[in-house]
Amino acid sequence: MQRTPETSSTAAAAEVGRPGRRPPIGATVLGYPRIGPRRELKRALERHWRGRIDEAALGAVGSGLRRAAWSRLSPLGADAVPSNTFSYYDQMLDTAVMVGAVPDRFRGRRTPLATYFAMARGDDDAEPLEMTKWFDTNYHYLVPEISAGQEFSLDPAKALGEFTEALEQGVRTRPVIIGPATFLLLAKAAEGAACGFRPFDRLDDLLGLYEVLLTRLAAAGAQWVQFDEPAFAADRSDEEIAALGTAYTRLAAVHHRPAILVATYFGGIGPALPVLAGTPVEAIGVDCVAGSAAEVRAVPQLRDKTLVAGVVDGRNVWRTDLDAALATIESLRDVAAAVVPSTSCSLLHVPYDLDVEEALDPAVRRWLAFAEQKVEEVRLLGRAATDQLSASAESPVGARDAVAAGNDDGRAAMVAQLASARAALAERPAAPGVRVDAVRSRTAAAGQAEVTRTAYDVRAKAQADRLGLPTLPTTTIGSFPQTDALRVARAELRRGEIEEAQYDAAMRAEVERVVRMQEALGLDVLVHGEPERNDMVQYFAEDLAGFASTELGWVQSYGSRCVRPPILWGDVHRPAPMTVEWATYAASLTDRPMKGMLTGPVTIIAWSFVRDDLPLGEVAAQIGLAIRDEVRDLEAAGIPIVQVDEPALRELLPLRKADQAAYLDWSVRAFRLATAGAADATQIHTHLCYSEFGEVIDAIDGLDADVTSIEAARSRMEVLGDLHARGFERGIGPGVYDIHSPRVPPVQAIRSLLAAAVESVPADRLWVNPDCGLKTRGYAEVEAALANLVTAARETRAAL
Ligand code: GLN
Ligand code: ZN
């Protein structure tokens, strides 16, 4: 008979408390989505922020979502269901609040929740915490600010509250908390980096709080706790690794505490693994998808540990190769005292449920698994691993033997499930579209000639002759405000309430309006405004072969913001031109140069769920060549300037230095495949959304774009010095208008930024543009800001 969660937890309860005897943990997931299967939390948050619902009503939505998640996960059994993975905004922010790292500027708000949202979003009196990418994912966390004299104080209400809430529902969960080392490594010094103080220096003080937290969790009845330490998947100093060991030795020494699982993910933790395994914690979670099981096998210190093996990819949407996962688990059996299958990281990064995606191509659908399906996969793996059931014929206990040995229904069902997963995946390599020979031969044939343009000086001359632009030419990054009317039209088209032709007419009208406005403002290089694009990646994914879209495949990007990444499942090519009609229509409305607008291969990869059966470099090359076709067609249609946006170039940079060169190699090559087919007189622009170049500065040079626009207003043009120092010698457009703020920059402010810019870049290579696209802003401020931008450029020009 299968043990029910209740019986196993009663047995476990008897074992706990005896030193060295901890309740075993079953197959598990490291975390679960929280935004709601229909984005319920997003809607509730936004209504709350607009003052439409109060804290109690928001709380009810949160509680409903938590309960639903726990019932969904409860078949995993006691301690295997995570809690405290819910958040009203972000888990790092939750942890900051838990340890009392609330900067003074947020004190004195009406309620704790109001303080929390002020930290997340800012308010009239205080700038919010900085937000940045969570490792190499598209999730963003809030960066805690820790000062040298920080007074930590424990507020465990959230973790305890969720644990108790679930317990009342009959589910004994495993609270999940950001580990103290990762918390501090991701925090920033409140006084600024220059002050010499590092938040990590405060680890000892923070551990005091975590010790109390452990006691409190044990008192509440928690048998297991999970501390997340993903920071060790990136390069860490010996000192930091040693501190990790000391920290967990200290936490493990707490007398009355739950068993500790230290979860690591987003890659192997290398030299930190033996150190962590040398501490007395009960379990360690390792990422066997982004990291390697071989690395784990080489660590003898794991001998007495429970190894939580992340064999189900928590970050991507592919169905797990269960045979391979079982083989991995099998291969780890001798290394540790117990091996428990798990997801490679939290399921936060994948959508809820595949079953609701009725419009998905059924062939593709069979290869996919979203959060719900992945929970089933770990459960199945858990059962199969305990029964030593392997479905592969070569394995010691083959499927046939297993069925023969235990003629039990559960077992037969399991064998059937393994078989059906295997059959679905077996179809994949030969399914139409997965491999398109013409695409493969084209990428294979692309050589140095395909990525090399004429020398920059020669191109620059040809472009200058053709375009006849003034010095300090003005332009924008591409999008103009996405108005409610545009969004409504798109929704109506989707619901079939208006015809394609009506929709196109509405978009054309908007293009005309935007072109007229730019002419009136006096901008030099115009754009069509991108009204027809829902999203800069989704838009291209819909037109390229090899992609599928979901209806409800939302994942949280930050706070209430969700994205719906397309699924890249096959060889990518471009059946027909994608943007040429819009660009030529816009160009026909004006005598000024019109800039065509495309998204680059790296960004398309970064913001999609990408196939796992082909190296990323090959996928990028395929997309690069598809974009190349589009550049050629735009050029043939007379468009003189084409911008290929790569805002995600830095985001995809591997966490470890050792892997970065190879990445930069293929990513730069893909961009050049996209752009190097352009004639000398076609000007290629690129746009990068950020100003911290550090590791990618050489790659930016390697892109060989004629003009690169970057973010610079907030950092007051400081980045130009770095670029100059590296000998960057092509056109550069440092943003002079911070589009993240609703503030209209005065002419004088823009002039002073331009004055700073001409200090480090010769004026004949300088462009004048905003920091980023304008789609999130309103027309009133955009018109005023662009008018000031044009005036400032003219005045600076005249003064040169
Ligand atoms: N062309 C895009 C726009 O203006 C670029 C956006 C981006 O870089 N994120 O919206
Ligand atoms: Zn941008």
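Everything that follows concerns the structure shown earlier in this document.
Residues numbered from 1 in each chain as written. Chains lettered and ligands numbered in written order. Predicted model: local features only at pLDDT ≥ 70, side-chain atom pairs only at ≥ 80, totals over all residues. Heavy atoms only, no water.

Trainee: Sorry, what's going on with the packing of aromatic side chains here?
Mentor: Tallying each qualifying case throughout the model produces 15 aromatic pairs. Both rings, one in Y663 and one in W666, keep their centres 5.1 Å apart while their planes meet at 85°; by these two values the pair is edge-to-face. In this pair, Y663 and W666 both sit in helix α25 (residues 657-675), 3 residues apart, roughly one turn of the helix. A cation sits over an aromatic face here: R121 above W49, 3.7 Å from the ring centre. The aromatic ring of W318 is capped on one face by R428, whose charged end is 4.2 Å from the ring centroid. (Phe/Tyr/Trp six-rings, centres within 6.5 Å; stacked < 30°, edge-to-face > 60°. Helix = DSSP H or I, 4+ residues; strand = E, 2+ residues; numbered from the N terminus. Lys NZ or Arg CZ within 6 Å of the ring centre and 35° of its normal.)

Trainee: Honestly, the pairing of strand β18 (residues 641-645) in this entry has me stumped. Any pointers?
Mentor: A regular strand places its side chains so that they alternate between the two faces of the sheet. Burial analysis of β18 places 5 of its 5 residues in the buried class, the great majority of the element. On β18, burial covers both faces: I641, Q643 and D645 on one face and V642 and V644 on the other are all buried. Pairing of strand β16 (residues 595-599) with β18 involves 5 bridges; the strand directions are parallel. Each bridged residue has a counterpart across the sheet, and for T599 the counterpart in β18 is D645. As paired strands, β18 and strand β19 (residues 683-687) are joined by 5 bridges and run parallel to one another. Bridging from a neighbouring strand, D645 pairs with H687 of β19. (Buried < 20%, exposed > 50% of the residue type's maximum accessible area, 1.4 Å probe, protein only. Pairing = 2+ DSSP bridges.)

Trainee: What should I look at first to understand the sheet that holds strand β15 (residues 567-573) in this one?
Mentor: Within a sheet, each strand pairs with its neighbour through backbone hydrogen bonds, oriented either parallel or antiparallel. Read across the open sheet, the 3 strands follow the order β12-β15-β17; overall the sheet is mixed. A strand with exactly one partner marks an edge of an open sheet, and here the two such strands are β12 (545-548) and β17 (609-610). Taken together, the 2 bridges between β15 and β17 define a ladder with parallel strand orientation. Paired with L568 across the two strands is V610, which belongs to β17. Helix α24 (residues 616-636) rests against β15 and β17 of the sheet, and its axis sits at about 55° to β15. (Contact = heavy atoms within 4.5 Å. Axes fitted to C-alpha atoms, helices over the stretch in contact; angles between N-to-C directions.)

Trainee: Which parts of the structure should I look at to understand helix α19 (residues 484-494)?
Mentor: Working note: α-helix, 3.6 residues per turn, so residues spaced by three or four point in the same direction. Turning to α19, its buried residues are L486, A489, R490 and A491. Of the surrounding elements, those touching the buried residues of α19 are α20 (500-521). Directly beyond the C-terminal end of α19, a positive phi value near 75° is found at G496.

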